[in-house]
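Each chain, letter by letter, is given below.
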Amino acid sequence: MTIPRFAADVPPATVAEALGEAGCAVIERLIDPAILDRARHELSPYLEATPFGPDDFSGRRTRRTGGLIARSATCRDLVMHPVVRDVVGTVLGHATSYQLHLTQVIAIGPGEPAQPIHRDQWAFDFFPFPSGYEVQCNTIWAMTDFTEANGATRLVPGSHRREDRLEFKLSDTVPAEMPAGSVLFYTGALYHGAGANRSSEVRYGVNLTYAVSWLRQEENQYLAVPHEIARELPEPLLRLMGYARGAYALGYVDDLRDPLEVLLGRAVESTTGLGDLESALARLRPAG
Ligand SMILES: O=C(O)CCC(=O)C(=O)O
Ligand SMILES: [Fe+2]
């Protein structure tokens with residue numbers, strides 16, 4: 001199986017369908033690479049200050065810079081990109097809602113070996129989610145061109161439906177090569193890993209991931225984004241960051257208050273999943 005590839009004008013439903021079949025998909029040149037250059041510029045002090053990873057999985061020649069919502073206005077727009085929201089909303093559409101899971105620039109330095117092949121959903125303590133029940137949908141935006149030589153993400157297309165805890169060799173994988181401005185989608189169950197960087201340049205990707213909102217977030221948005229900054233952000237972004245109730249009641253504050261109301265100090269429209277609960281209950285009512 002190969003990686004499904006699309007042009008920027010692809011309908012999001014087509015990408016979601018491809019993700020169902022292959023567990024991965026690329027939209028080439030979805031945005032102007034200048035937008036990603038701007039994000040890199042906004043983030044440059046943080047990118048330079050980030051230390052290399054502490055172990056082979058994080059990468060000892062790789063820098064992972066997070067907190068992108070607080071640190072880059074451009075990254076806020078990437079997180080909310082309407083095509084991404086549409087695709088992720090379909091892939092995770094079986095859940096009442098989904099939320100942002102982590103934001104991270106992954107800068108793979110020259111000489112970095114390939115990352116072990118893994119499933120991102122193993123982050124959830126290796127819980128064996130049922131095959132076909134995706135809990136996570138991920139994106140990596142190519143800030144620089146992704147080439148086999150500079151560490152393009154390596155994927156095993158179709159492996160999202162395979163058994164859990166498999167071990168793959170690099171020869172089982174294909175590189176998600178793509179020009180800057182493209183975005184790679186892959187689900188939480190897809191086996192993949194960062195490629196080795198055998199070039200002399202740094203490979204920059206922006207990893208923005210989303211997960212169903214009944215699971216704990218990998219990056220803690222409530223602390224990664226200072227509240228003075230959060231209070232100035234648009235409400236839909238805040239909800240996606242987790243200032244909303246997951247499913248019916250997850251994440252409420254004291255007397256069943258909405259977390260967004262608490263952050264902003266004023267009444268907001270309810271963000272509970274009650275609407276969905278009511279329609280689900282209506283479907284279960286006996287006819288007539
Ligand atoms: O940067 C990449 O290409 C992929 C990184 C990755 O899979 C991870 O860190 O979980
Ligand atoms: Fe990964």
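For the structure, see preceding data.
First things first, this report covers the structure right here in the doc. (Residues numbered from 1 in each chain as written. Chains lettered and ligands numbered in written order. Predicted model: local features only at pLDDT ≥ 70, side-chain atom pairs only at ≥ 80, totals over all residues. Heavy atoms only, no water.)

Things to note about unusual backbone geometry
Look at R29: it is not a glycine, yet its phi comes out positive at around 50 degrees. Tracing the backbone through its elements, the reader meets R29 in the loop between β2 (24-27) and α2 (33-49). Among the residues examined, R29 registers a relative accessible area of 54% and is labelled exposed. The backbone phi angle of D125 is positive, close to 55 degrees, even though this residue is not glycine. One can find D125 in the loop between β4 (98-108) and β5 (136-142). (Helix = DSSP H or I, 4+ residues; strand = E, 2+ residues; numbered from the N terminus. Buried < 20%, exposed > 50% of the residue type's maximum accessible area, 1.4 Å probe, protein only.)

What to know about the coordination of the iron ion (ligand 2)
Around the iron ion (ligand 2), the donor atoms from the protein are H118 (NE2), D120 (OD) and H192 (NE2), and they sit 2.1 Å away. Summarised as a motif, the one-chain spacing of the donors to the iron ion (ligand 2) is H-x1-D-x71-H. Taken together, the residues span a long stretch of sequence, with H118 in the loop between β4 and β5 and H192 in strand β9 (residues 192-193) at a distance of 74 residues. Taken individually, H118 and H192 each receive the classification buried, so the pair is uniform in this respect. (Donors = N, O, S within 2.8 Å, 3.2 Å for Na, K, Ca; no water.)

Focus: the packing of aromatic side chains
Per the counting criterion, the structure on display carries 9 aromatic pairs. Grouped by ring-pair contacts, the aromatic residues F124, F127, F129, Y133 and W214 constitute a single cluster. (Phe/Tyr/Trp six-rings, centres within 6.5 Å; stacked < 30°, edge-to-face > 60°.)

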